[in-house]
Amino acid sequence: MASELSPGFLVASPSLLDPNFARSVVLLVDHRSEGSLGFVVNRPAEIPFSSVVEELGLPRPDAGPPSIPVMVGGPVSPHTGWLVMGDGDTMEEPGTIRVNEGIHISASREKLEDLARNASARRHLLVLGYAGWGAGQLDEEIKQGAWIPVDLDETVIFDTPFDGRWQAALQCAGLDPRMVVGAPSAPNSGGPGAN
């Protein structure tokens, strides 16, 4: 089961009401019998990348640092940062972990410094914290219907607006978000209980 889930998305089902994960899309980067690791990719943080650069005292170009989205990656270790990189330049660099052919992650300060200097950088996210599950925990949550496993699609992470990523990830699985049990009703649909 491990190889089938990661890398991939976990899309929160409408029944998942935990405020850390309600309507979230998690980039699941590692899933094995010992536990699982992922990053929420659709919950913007309240701090811009420029503030992170300033707070850490990172060097920056005269034009200012790039406009990189900062996400709340999950409730575990919220003061740690990870870069989710979708550019081909990072393929086998030291300090990066390959998620798939087009996505790499890194917790390297050196990579963060390089990014802060590159005013034109695109297809990156900085995620603060991560989502983690202990042995067997994620499999159990999936069985209970809390998560919908979906194939990974880079366009959801890098090309879809934050507020559309939940719906876009469901559509990657061929699911109409309006038809997912417990999803909010579409306008003029008759509301709950309508046939």
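Structure: see above.
Reading the values: the criteria
- Residues numbered from 1 in each chain as written.
- Predicted model: local features only at pLDDT ≥ 70, side-chain atom pairs only at ≥ 80, totals over all residues.
- Heavy atoms only, no water.
- Helix = DSSP H or I, 4+ residues; strand = E, 2+ residues; numbered from the N terminus.
- Buried < 20%, exposed > 50% of the residue type's maximum accessible area, 1.4 Å probe, protein only.
- Polar contact = N/O pair within 3.5 Å; in protein donor to acceptor, adjacent residues only side chain to side chain.
- Contact = heavy atoms within 4.5 Å.
- Pairing = 2+ DSSP bridges.

Caption draft 1: Representation of the side chain of Asn42. Within the secondary structure, Asn42 sits in the loop between strand E3 (35–40) and helix H2 (49–56). Judged by relative accessible area, which is 11%, Asn42 ranks as buried. A distance of 2.9 Å separates a polar atom in the side chain of Asn42 from the backbone oxygen of Arg23. Residues contacting Asn42, with those up to four places away along its chain left out, are Arg23, Ser24, Val25, Met71, Phe162, Arg165 and Trp166.

Caption draft 2: Fine view of the environment of Pro65. Topologically, Pro65 is positioned in the loop between H2 and strand E4 (70–72). Counting along the chain gives 54 residues from Pro65 to Ala119, while the straight-line C-alpha distance between them is 5.0 Å. Excluding its chain neighbours within four sequence positions, the residues that come into contact with Pro65 are Phe49, Ser50, Val53, Arg60, Ala116 and Ala119.

Caption draft 3: Geometry of the pairing of E3. The element E3 is largely enclosed, with a buried count of 5 among its 6 residues. Here 6 bridges tie strand E2 (residues 25–32) to E3, and the two strands are oriented antiparallel to one another. Opposite Leu28, over in E3, you have Gly38 as the bridge partner. From the end of E2 to the start of E3, which pair antiparallel, there are 2 residues. Taken together, the 4 bridges between E3 and strand E8 (residues 124–134) define a ladder with antiparallel strand orientation. By the bridge assignment, Gly38 is partnered in E8 with Ala131.

Caption draft 4: How the structure looks around the pairing of strand E5 (residues 76–85). Of the pairings in the sheet, the one linking E5 to E8 comprises 6 bridges and is antiparallel in character. Across the sheet, the residue bridging to Gly81 is Leu128, located in E8.

Taken by themselves, the reported measurements are silent on function.
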